[in-house]
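Chain by chain, the residues:
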Amino acid sequence: MSELARPLVVDLDGTLIASDLLVESASDYIAHHPLGALRLPGWLRAGKATLKRELASRVDLDVAVLPYREDVVAWLTAERATGRRLILATASDARQAEAVAAHLGLFDEVLATGDGVNLKGPAKAAALVERFGEHGFDYVGDHADDLPVWRAAAVGHLVGPRSGVEGQARGVTEVGRVFGRHGRSLRDAIGVLRPYQWVKNALILVPLLTAQRLGDAEAVGDTLLALLTFCLVASSVYVLNDLADVAHDRHHPRKRSRAFASGRLPLMAGWLLWPTLAVVGFAIAALFLPGLYCAALAAYLVLTVAYTFWLKQQPVVDVVALGMLYTSRIVAGAAAIDVELSMWLLTFSMFFFLSLALIKRVSELARLRRTAGPAGINARGRGYRPADLELLSSYGVASSVAAVVIFSLYVDDPKTSVLYATPELLWCSVPVLLAWLMRVWLLAHRGEMDEDPILFAIRDRASIATGGILVAVFVLAKVVTM
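The sections below set out a description of the structure shown in this document. (Residues numbered from 1 in each chain as written. Predicted model: local features only at pLDDT ≥ 70, side-chain atom pairs only at ≥ 80, totals over all residues. Heavy atoms only, no water.)

**Some details on the pairing of strand β3 (residues 109-113)**
Stated formally: Partly exposed describes any residue whose relative accessible area lies between the buried limit of under 20% and the exposed limit of over 50%, with all areas from a 1.4 Å probe on protein chains only and scaled to the type maximum. Helix and strand labels come from DSSP, where a helix needs a run of H or I of at least four residues and a strand needs a run of E of at least two; each type is numbered from the N terminus. The pairing criterion is simple: DSSP has to find at least two bridges between the two strands. The definition of a right-handed crossover adopted here requires that, viewed with the strands pointing away, the path from the first strand over the helix to the second runs clockwise.
Along β3, four of the five residues are buried, which leaves the element largely enclosed by surrounding structure. Relative to β3, strand β2 (residues 86-93) is paired through four bridges, and the arrangement is parallel. Opposite Ile87, over in β3, you have Glu109 as the bridge partner. For the handedness criterion, the β-α-β arrangement of β2, helix α5 (residues 94-104) and β3 is classed as right-handed.

**Considerations on the layout of surface pockets**
The line we're drawing: Buriedness for pockets is judged along seven lines, at least five of which must meet protein on both sides within 12 Å for an open set on the 1 Å grid over protein atoms alone, while cavities are sets there where a 1.4 Å probe fits but cannot get out, and lining residues have an atom within 4 Å of a point. Grid points are joined across faces, edges and corners, and a volume is the space filled by probe spheres set on the points. Residue polarity is assigned by list, with Asp, Glu, Lys and Arg as charged and Ala, Val, Leu, Ile, Met, Phe, Trp, Tyr, Cys and Pro as nonpolar; anything else, Gly included, falls into the polar class.
Roughly 2000 Å³ of volume is contained in the largest pocket. In terms of lining, the largest pocket is formed by 48 residues, of which the most central are Val206, Leu209, Thr210, Leu345 and Phe474. Counting residues per element, the ones that place at least two in the lining of the largest pocket are α10 (206-210), α17 (343-372), α18 (389-412), α19 (414-417), α20 (429-446), α21 (453-457) and α22 (461-479). Here the lining of the largest pocket is built from residues that sort into 34 nonpolar, eight polar and six charged.

**Description of the pattern of salt bridges**
For the record, the criterion: Think of a salt bridge as a Lys or Arg side-chain nitrogen and an Asp or Glu carboxyl oxygen that are within 4 Å of each other.
Enumeration according to the criterion identifies 23 salt bridges in this entry. A salt bridge links Arg170 to Glu166; the shortest N-O distance between them is 2.8 Å. Of the two residues, Arg170 and Glu166 are both situated in helix α8 (residues 165-170); the distance of four residues between them amounts to about one turn of the helix. Looking at Glu166, the relative accessible area reads 28%, which means it is partly exposed. Residue Asp249 pairs with Arg258 through a salt bridge whose shortest N-O separation is 3.3 Å. Judged by its relative accessible area of 3%, Asp249 falls in the buried class. Taken together, the shared-partner salt bridges connect Arg6, Glu79, Arg84 and Asp138 into one network.

**Examining the packing of aromatic side chains**
Note the following rule: Two rings from Phe, Tyr or Trp (for Trp, the six-membered ring) form a pair when their centres sit within 6.5 Å of each other. Planes less than 30 degrees apart are called stacked, planes more than 60 degrees apart edge-to-face, and all others tilted.
A full pass over the atoms with the stated rule returns 14 aromatic pairs. Centre to centre, the rings of Trp75 and Phe179 are 5.4 Å apart; their planes meet at 55°, and the pair counts as tilted. Note that Trp75 is positioned in helix α4 (residues 70-81) and Phe179 in strand β6 (residues 174-179), a separation of 104 residues in sequence. Comparing Trp75 with Phe179, the two get one shared label, buried.

**Description of unusual backbone geometry**
We note that His135 has phi near 60°; this positive angle belongs to a residue other than glycine. Relative to the helices and strands, His135 resides in the loop between α6 (122-132) and β4 (138-141). With relative accessibility at 42%, the residue His135 sits in the partly exposed group. Even without a glycine there, the phi angle at Gln212 is positive, about 55°. Along the chain, Gln212 falls in the loop between α10 and α11 (217-244). Residue classification places Gln212 among the partly exposed positions, given a relative accessible area of 33%.

**Details of the side chain of Asp13**
Heads up, the rule is: Pairs of N or O atoms are called polar contacts if they sit within 3.5 Å, as long as, within protein, a hydrogen donor faces a hydrogen acceptor (for residues adjacent in sequence, only side-chain-to-side-chain pairs). Only heavy atoms enter the contact rule, under which two residues are in contact if any of them lie within 4.5 Å.
You can see Asp13 is positioned in the loop between β1 (8-10) and α1 (21-32). There is a polar contact of 2.8 Å between the side chain of Asp13 and the backbone nitrogen of Leu21. There is a polar contact of 2.8 Å between the side chain of Asp13 and the side chain of Ser92. Setting aside its immediate chain neighbours within four residues, Asp13 contacts Ser19, Asp20, Leu21, Thr90, Ser92 and Asp142.

**Quick word on a nonpolar patch on the surface**
We apply this condition: Each patch is built from salt-bridge-free residues with over 30% relative accessible area, joining like charges within 9 Å and nonpolar side chains (Val, Leu, Ile, Met, Phe, Trp, Tyr) within 5 Å. Throughout, the Shrake-Rupley method with a 1.4 Å probe supplies accessible areas, and for residues the shown protein chains are the sole cover considered.
Taken together, the side chains of Val397, Val401, Val405, Leu409, Leu434 and Met438 make up a nonpolar region of the molecular surface, amounting to roughly 420 Å² of accessible area. Where the nonpolar patch is concerned, the elements lending two or more residues are α18 and α20. The greatest single-element share of the nonpolar patch, amounting to four residues, is contributed by α18. Note on placement: Leu409 falls in helix α18.

**Let's talk about the sheet that holds β6**
Basically, it comes down to this: Axis lines are fitted through C-alpha atoms, for helices just across the contact stretch, and the angle between N-to-C directions can take any value from 0 to 180 degrees.
In space, the six strands of this open sheet follow the order β3-β2-β1-β4-β5-β6, with parallel pairing throughout. Two strands close off the open sheet at either side, each with one partner strand: β3 and β6. Adjacent strand axes in the sheet meet at a mean angle of 20° when their direction is disregarded. Relative to β2, β1 runs parallel, the two being bridged by three bridges. Residue pairing across strands places Val10 opposite Leu88, the latter belonging to β2. Contacts from helix α3 (residues 48-58) reach β2 and β3 within the one sheet, and its direction differs from that of β2 by about 95°.

**What about the nonpolar core?**
For clarity, the cut-off: Among the buried residues, those of types Ala, Val, Leu, Ile, Met, Phe, Trp, Tyr and Cys that are joined through side-chain atoms within 4.5 Å form a nonpolar core.
If you look at the biggest cluster of nonpolar residues, it comprises 70 residues, and the most contacted ones within it are Tyr293 and Phe352. Those elements that provide at least two residues to this core are α11, α15 (291-309), α16 (317-337), α17, α18, α20, α21 and α22. Among the elements that make up this core, the one with the highest residue count is α17 (twelve residues). Ignoring sequence-local partners within four residues, the contact set of Tyr293 consists of Ala226, Thr229, Phe230, Ala285, Ala332, Ala335 and Ala336. Leu8, Ala31, Leu61 and Val246 belong to the second-largest nonpolar core, a separate cluster that totals 50 residues.

Keep in mind these numbers describe shape, not what the thing actually does.
Below, the structure is given as structure tokens:
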């Protein structure tokens, strides 16, 4: 039988897409129903086919944005153009497989898991032999589980085979095309930790500075250890957030290139990574830092998880939660070295970071308005509309002004005077801070602000200069006597 006369049978998971529909479904289900994760073991005990059926009935995957292997799709398109029959044969649930086939419009037939039969390995091979005869088809797969199918196929094509799989396949069939592995790198693995976001955790240092304990070696050591554990726990939540946001990220012009959304890193790796980071962070904290710090770290984790799954979908509540998350870093830093926090510092940080959180939302809405128009669609997963832009801007500017007023009251507080040789110099920082806040709001209004103002600030020369001026003012107020 000629190659053209033989149907080309294509696997789905890891072959047609750089992901796995079962993991995609479970991940989406947990993201929308966190407590529903408790039901997964029961479904699995009834068999994988039952697990897939239950998930498929509860999850509405957007198959249009799945991480398809573009090189494989292009080849299949060319094969179909020659008149060759294409068959999608997968262990994924039949409903989801049919949806993928309908979206691509390439396949003449779909064979998938259903009626209690998990169409994988030997079961798939038996079904294909019954349908097309021994060596009556070519097969495109990716995993060692496909070896029984390749053995029954005339020609086996491999997509991103893991180490050793290609050699095993050559031992059971004639190997045709071999597609390279989907690009994965150490950079992707590190990237999901978002190390660039760790700059926010520098807020843990604030209590050490305001308490003027830089000369206390023990306090410095505890603060640095707190910084390490906070980075680990924060990264665990960043990974969890990426997992929960995969569906939304795939619709985003920039975020769709993230490692999980693009399929460069498997979702399962993320579900194993995030709790590991959290456990390591808490273990170090419990061994070396005060219990009060551990409680502050736990409160941060609870609030961030609540934000990831619920709060970020609630308009206005989400930005208040973000402001609290920034402030919680300062609280944790104080708990690590057992110093009392000034109410001025806490109220200032709350309003200041609320303003920055609103800048982030305004930037997102400004981008959405440019692409969808003033009456365009809602921001995915956020609950905002482009028409909310002006109101959110007014909230943010008001929060900025409130932060500067509170800072001014701190400077004028008699308790502040005793901490500095020349406290009058601190007044020089007030217009500098006000000018910076007004500038970033101007840039946000023009659509020139990155989504995260903190990350914008560490790359922006004017912001770096502003930070340098503020530090210099406080140092001079401390050491200069007039």
